[in-house]
Amino acid sequence: MSATSLALPQRSAATSLAFAVAAVLGAIVSLCGGTSFAKSLFPVVGAEGTVALRTGVSALILLAVWRPWRLPLAARDAGWIVLYGAALGLTNLLFYLSLRTLPIGVSLAIEFTGPLALAVLSSHRALDLLWAALAAVGLVLLLLLDGSGQALDPVGVLCAAGAGLFWAFYIVFGQKAGRAHGGQATSIGMVVAALVTLPFGLAQAGGGLFEPAVLLAGLAIGIFSSALPYSLEMVALKRLPKRSFGILLSLEPAIGALAGLLILGEHLKPAQWLGIACVIAAATGCTLTARPTRPAQ
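Fair warning: this is a prediction, and the values are worked out from it, not measured in the lab.

Visitor: Explain the overall build of the protein to me, please; I cannot follow it from the model alone.
Guide: In terms of regular secondary structure, the protein is built from 11 helices and zero strands. Along the protein, helices (α) and strands (β) appear in the sequence α-α-α-α-α-α-α-α-α-α-α when read from the amino end. Expressed as a percentage of the 297 residues in the protein, the buried residues total 45%. Across the protein, every contact between residues at least 6 apart in sequence was considered, and the portion connecting residues at least 24 apart equals 87%. Approximately 14400 Å² of the protein is accessible, and the part contributed by carbon and sulfur atoms is 72%.

Visitor: Got a minute to help me understand the layout of surface pockets in this structure?
Guide: It is a probe the size of a water molecule, rolled over the atoms, that shows where empty space is left. The computed volume of the second largest pocket comes to approximately 240 Å³. Here the lining of the second largest pocket takes six residues from helix 2 (residues 42-66), the largest share from any one element. Split into classes, the residues belonging to the lining of the second largest pocket amount to 10 nonpolar, one polar and no charged.

Visitor: Help me understand unusual backbone geometry, please; the structure alone is not making it clear to me.
Guide: Most peptide bonds adopt trans geometry, and most residues besides glycine take a negative phi value. Look at Arg 67: it is not a glycine, yet its phi comes out positive at around 45 degrees. Arg 67 gets classed as partly exposed once you look at its relative accessible area, which sits at 38%.

Quick notes on the rules
- Residues numbered from 1 in each chain as written.
- Predicted model: local features only at pLDDT ≥ 70, side-chain atom pairs only at ≥ 80, totals over all residues.
- Heavy atoms only, no water.
- Helix = DSSP H or I, 4+ residues; strand = E, 2+ residues; numbered from the N terminus.
- Buried < 20%, exposed > 50% of the residue type's maximum accessible area, 1.4 Å probe, protein only.
- Contact = heavy atoms within 4.5 Å.
- Areas by Shrake-Rupley, 256 points an atom, 1.4 Å probe, with all protein chains shown as cover.
- 1 Å grid on protein atoms, 1.4 Å probe; cavity = no way out; pocket = protein on both sides within 12 Å on 5 of 7 lines; lining within 4 Å.
- Points joined across faces, edges and corners; volume = space filled by probe spheres on them.
- Nonpolar A, V, L, I, M, F, W, Y, C, P; charged D, E, K, R; others polar.

Have a look at this one:
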């Protein structure tokens, strides 16, 4: 076998890996940029109206792509999908509510502690106490001051923490719902999420939610905050180990903070950047040292 024939598979594998990494980073940039744009819509339809637009548009896109009605759905799977969708809707709603008073990077970092806590609690290892402690240090640094030198808004902090809690539920219910077809579970789950958030959006914005300009902005938010990131993540997961995927995803609070700075002019204190770095380091360490999942017998 020639050296050239050996090099080709290695080059192909390296190209596939680079493409997967680029897909994850593209998903994070799209999500954070879309969220920053969504926040600029708050003065028009409020946080509730914005999240209703996001989930509603995303649901319509996913329904058109997956057409879940073509596949049979067991009653047990349907129940888990409803719970998964409700958790998704509440995660989005609480996260957007937190953005009314918190910078994007800070809100993302606080929200990130939800799945991190789930990973630590599921592990039962002494090493994971280190990651929990590091995340706690990050939270203390984040909660001390905001960009103006004042204490962070407690309602915003509670909303971000609530979003993290429901993100953990979203992961648990999503694993159960995953027994159904992936596209079917995702599309029906997003419809449930839209139904959860729509009443809040209508209560806040009323008929203004259906103004042509608002709907056009909602289309952009739905594409860049949900449809495109989820699609890129799906592409990446097929080529990238879950551990590597989790490490890359840990960069989301930092990229969110940069997007908030560049798009919205959200300036953070050095201590808050350090707090975000601690949360990222905790999430990365937890992912790196996680035990590999045993295949089902």
